[in-house]
Amino acid sequence: MKKQLYIYAGLIILFVAYNFYKPIEDARIDTGINILFASILFLYIAYIAYLVLKRMGKK
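Residues numbered from 1 in each chain as written. Predicted model: local features only at pLDDT ≥ 70, side-chain atom pairs only at ≥ 80, totals over all residues. Heavy atoms only, no water.

K.L.:
Please clarify how the nonpolar core should be interpreted in this entry.
P.N.:
What tends to happen in soluble globular proteins is that the nonpolar side chains get buried as a cluster. Formed by Y8, L11, F37, L41, Y44 and I48, the largest nonpolar core amounts to six residues. Secondary-structure elements contributing two or more residues to this core are α1 (2-20) and α2 (27-58). A per-element tally of this core places α2 first, with four residues. If sequence neighbours within four positions are ignored, I48 has contacts with M1, Q4, L5 and Y8. (Core = buried A, V, L, I, M, F, W, Y, C linked by side-chain atoms within 4.5 Å. Buried < 20%, exposed > 50% of the residue type's maximum accessible area, 1.4 Å probe, protein only. Helix = DSSP H or I, 4+ residues; strand = E, 2+ residues; numbered from the N terminus. Contact = heavy atoms within 4.5 Å.)

K.L.:
Can you walk me through a positive patch on the surface in this structure?
P.N.:
Taken together, K54, R55, K58 and K59 make up a surface patch of like positive charges. Within the secondary structure, K54 sits in helix α2. (Patch = residues over 30% accessible without salt bridge, like charges linked within 9 Å, V, L, I, M, F, W, Y side chains within 5 Å. Areas by Shrake-Rupley, 256 points an atom, 1.4 Å probe, with all protein chains shown as cover. Salt bridge = Lys/Arg side-chain N within 4 Å of Asp/Glu carboxyl O. Lys, Arg positive; Asp, Glu negative; His and termini not counted. Charge placed at Lys NZ, Arg CZ, Asp CG, Glu CD.)

K.L.:
Could you clarify how one ought to interpret the packing of aromatic side chains in this entry?
P.N.:
The description of an aromatic ring pair uses the distance of the two centres, along with the angle that the planes make with each other. For the coordinates displayed, the defined rule picks out four aromatic pairs. Arranged with centres 6.3 Å apart and planes meeting at 10 degrees, the rings of Y8 and Y44 form a pair that is stacked. Here the residue Y8 occupies a position in helix α1, and Y44 occupies one in helix α2, the gap between them amounting to 36 residues. One aromatic cluster in this structure is built from Y8, Y44 and Y47. (Phe/Tyr/Trp six-rings, centres within 6.5 Å; stacked < 30°, edge-to-face > 60°.)

K.L.:
Any chance you could explain the environment of A17 here in plain terms?
P.N.:
The topology assignment puts A17 in helix α1. Taking relative accessible area as the criterion, A17 reaches 33% and is therefore assigned partly exposed. Each C-alpha atom of the pair A17 and S39 lies 17 Å from the other, and the pair is 22 residues apart in sequence.

K.L.:
Explain the packing of α1 against α2 to me, please; I cannot follow it from the model alone.
P.N.:
When two helices pack together, their arrangement is given by the angle between the helix axes and by the axis-to-axis distance. Look at α1 against α2: their axes get within 11 Å of each other, and the N-to-C directions meet at 165 degrees. What the angle tells us is that α1 and α2 run roughly antiparallel. The handedness of the crossing between α1 and α2 is left-handed. Side by side, α1 and α2 meet where Q4, L5, I7, Y8, L11, I12, L14, F15, Y18 and N19 of the first sit next to D30, I33, N34, F37, A38, L41, Y44, I45, Y47, I48 and L51 of the second. Of the residues that constitute the contact of α1 with α2, the class distribution is 17 nonpolar, three polar and one charged. (Axes fitted to C-alpha atoms, helices over the stretch in contact; angles between N-to-C directions. Parallel < 35°, antiparallel > 145°, perpendicular 65-115°, else oblique. Left-handed = near helix turned anticlockwise from the far one by under 90°. Nonpolar A, V, L, I, M, F, W, Y, C, P; charged D, E, K, R; others polar.)

This is the structure we're talking about:
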């Protein structure tokens, strides 16, 4: 379970770093990348929740 949390923390750090240093000047592309990145973060947290529920069901 620690591996998934480390990956999630890394994704959050990348998300914050991207928003802190904005290399893309086009607002539409930047918004699209932010939406895509946030979607990946939410999907990954859903995956972690699925793993937790799966482990709870086995016990």
